[in-house]
Amino acid sequence: MVKAQDIRSDGLELPLVEEFFSIQGEGYHSGEAAWFIRIGGCDVGCNWCDSRFSWDPVVHPLVTTSDIVQHALNSGARSAVVTGGEPLMWNLDPLCEGLKKGGLKTFIETSGSYRISGRWDWICLSPKVNMPPGKDICLRADELKVIIENSDDFEWAEKYRLLVGEECRLYLQPEWSSFSAIIPAIVEYVRKNPDWKISLQIHKYMHIP
Ligand code: SF4
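An account of the accompanying structure is given in this report.

1. Comments concerning the site of the ligand
Turning to step 1, where the next piece is worked out: By nearness alone, every residue bordering the ligand is listed as Cys42, Val44, Gly45, Cys46, Trp48, Cys49, Trp55 and Gly85.
Turning to step 2, where the next piece is worked out: The residue inventory of the shell around the ligand, partitioned by class, reads six nonpolar, two polar and no charged.

2. Observations regarding the nonpolar core
Turning to step 1, where the next piece is worked out: Formed by 45 residues in total, the largest nonpolar core has its most connected members in Ile37, Leu92, Leu95, Leu144, Leu172 and Trp196.
Turning to step 2, where the next piece is worked out: The dominant element in this core, judged by the number of residues it contributes, is helix 5 (residues 179–192), at five residues.
Turning to step 3, where the next piece is worked out: Among all residues touching Trp196, those that are not within four sequence positions of it are Leu144, Val146, Ala157, Glu158, Arg161, Leu170, Tyr171, Leu172, Tyr189 and Val190.

3. Quick look at the pairing of strand 7 (residues 143–148)
Turning to step 1, where the next piece is worked out: Among the six residues in strand 7, six count as buried, and that is most of the element.
Turning to step 2, where the next piece is worked out: Of the strand pairs in this sheet, strand 6 (residues 122–125) and strand 7 are connected by two bridges, and their pairing is parallel. For Leu125, the partnering residue across the bridge sits in strand 7 and is Leu144.
Turning to step 3, where the next piece is worked out: One ladder, built from six bridges, connects strand 7 with strand 8 (residues 169–174); its direction is parallel. Counterpart to Ile148 in the pairing with strand 8 is Pro174.
Turning to step 4, where the next piece is worked out: Crossover connection from strand 7 via helix 4 (residues 153–161) to parallel strand 8: handedness right-handed.

Definitions and limits used
Residues numbered from 1 in each chain as written. Predicted model: local features only at pLDDT ≥ 70, side-chain atom pairs only at ≥ 80, totals over all residues. Heavy atoms only, no water. Near = heavy atom within 4 Å. Nonpolar A, V, L, I, M, F, W, Y, C, P; charged D, E, K, R; others polar. Core = buried A, V, L, I, M, F, W, Y, C linked by side-chain atoms within 4.5 Å. Buried < 20%, exposed > 50% of the residue type's maximum accessible area, 1.4 Å probe, protein only. Helix = DSSP H or I, 4+ residues; strand = E, 2+ residues; numbered from the N terminus. Contact = heavy atoms within 4.5 Å. Pairing = 2+ DSSP bridges. Right-handed = clockwise from strand over helix to strand, strands pointing away.

Functional significance is not addressed by these values, which are geometric in nature.
What follows is the structure in structure tokens.
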């Protein structure tokens, strides 16, 4: 059986969980069509994670990056969203090069817990308490998306607001399983702190991946 340490560090193969053409449900690009590439592997361990199936990279097939790129190009999408798991566990330079060479915009959803690789048109940073991001990726983030599970998370959101650039868009997103309990507090918070916007996971309401 393949072990995580056997996965190539040159990024020419990646553990692929799934790839699909759908609608971005969260954050700044919410509502836009995109090709999604979900890469396996994550050791951040968020207790409310809705992608646990992606955590163990070795249960997902290693697929050549050139094939992953070709599938994205064949989709007809204008942009590819690379997500996980935590995709920055792997070298994403070849993946981005291939996608960009084919004319796709490259977007990433990351906790920022690992060193950044790849060339990105849009970085959505969602910092996690278990493995906080470094300062470099905070400064490069186009979008800060903080998951709010309870009222303590507002303080966490403000901490990272101070670390991102001035142009970075700010989103608070209710943790899905706590939605009913926490949404009134988020609405109230945004009324008082209008630099933040609310991000809802609209793909879940549409019952699409
Ligand atoms: Fe899940 Fe993302 Fe947290 Fe990893 S970083 S445990 S994939 S929510």
